[in-house]
Amino acid sequence: MWNSLLAFWDQYHGLIIGFAVLALVLFVNQLIFRRGWKSYPTREQYVAAHPGSATAGGVVCAKCRQKAAGMAVTSAGRIYRCTWCETELYRVDRA
């Protein structure tokens, strides 16, 4: 059994190490992404911090008063940004 494992390792060690490194990079990327995602305020937190930003037409940017536009983030929700000054305003988590 050990001889067959050593033979397998000798033949495919490059692929095994490569896939292990790829898995590690993807794992670290997910950790960084999740920390970054939670750094955006929710819509309610943004409106509470900027009381004049909630209008009848939607949420506007607190800096330039332009309307916010949503950008989908795969498997996480949406990030809303200002259409004029490109400021990232708030997040909406996927339901």
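Quick look at the structure, then.

Comments concerning the environment of I79
Of note, I79 is situated in strand β4 (residues 77-82). In the structure, I79 is positioned 31 residues away from A48 in sequence and 17 Å away in space, judged by C-alpha atoms. If sequence neighbours within four positions are ignored, I79 has contacts with W37, Y40, A69, G70, M71, V73, Y90 and R91.

Topic: a nonpolar patch on the surface
Taken together, the side chains of F8, W9, Y12, L15, I16, I17, F19, V21, L22, V25 and L26 make up a nonpolar region of the molecular surface, amounting to roughly 1,000 Å² of accessible area. Looking at the secondary structure, you find L26 in helix α1 (residues 2-39). Relative accessible area serves as the criterion here: at 49%, L26 is assigned to the partly exposed category.

Topic: the pattern of salt bridges
As enumerated under the stated definition, the model contains two salt bridges in all. R91 is paired through a salt bridge with D93; the nearest N and O atoms lie 3.0 Å apart. On the basis of relative accessibility, which here comes to 9%, the residue R91 falls in the buried class. Judged by relative accessible area, D93 falls into the partly exposed class, the value being 36%.

How each quantity is defined
- Residues numbered from 1 in each chain as written.
- Predicted model: local features only at pLDDT ≥ 70, side-chain atom pairs only at ≥ 80, totals over all residues.
- Heavy atoms only, no water.
- Helix = DSSP H or I, 4+ residues; strand = E, 2+ residues; numbered from the N terminus.
- Contact = heavy atoms within 4.5 Å.
- Patch = residues over 30% accessible without salt bridge, like charges linked within 9 Å, V, L, I, M, F, W, Y side chains within 5 Å.
- Areas by Shrake-Rupley, 256 points an atom, 1.4 Å probe, with all protein chains shown as cover.
- Salt bridge = Lys/Arg side-chain N within 4 Å of Asp/Glu carboxyl O.
- Buried < 20%, exposed > 50% of the residue type's maximum accessible area, 1.4 Å probe, protein only.

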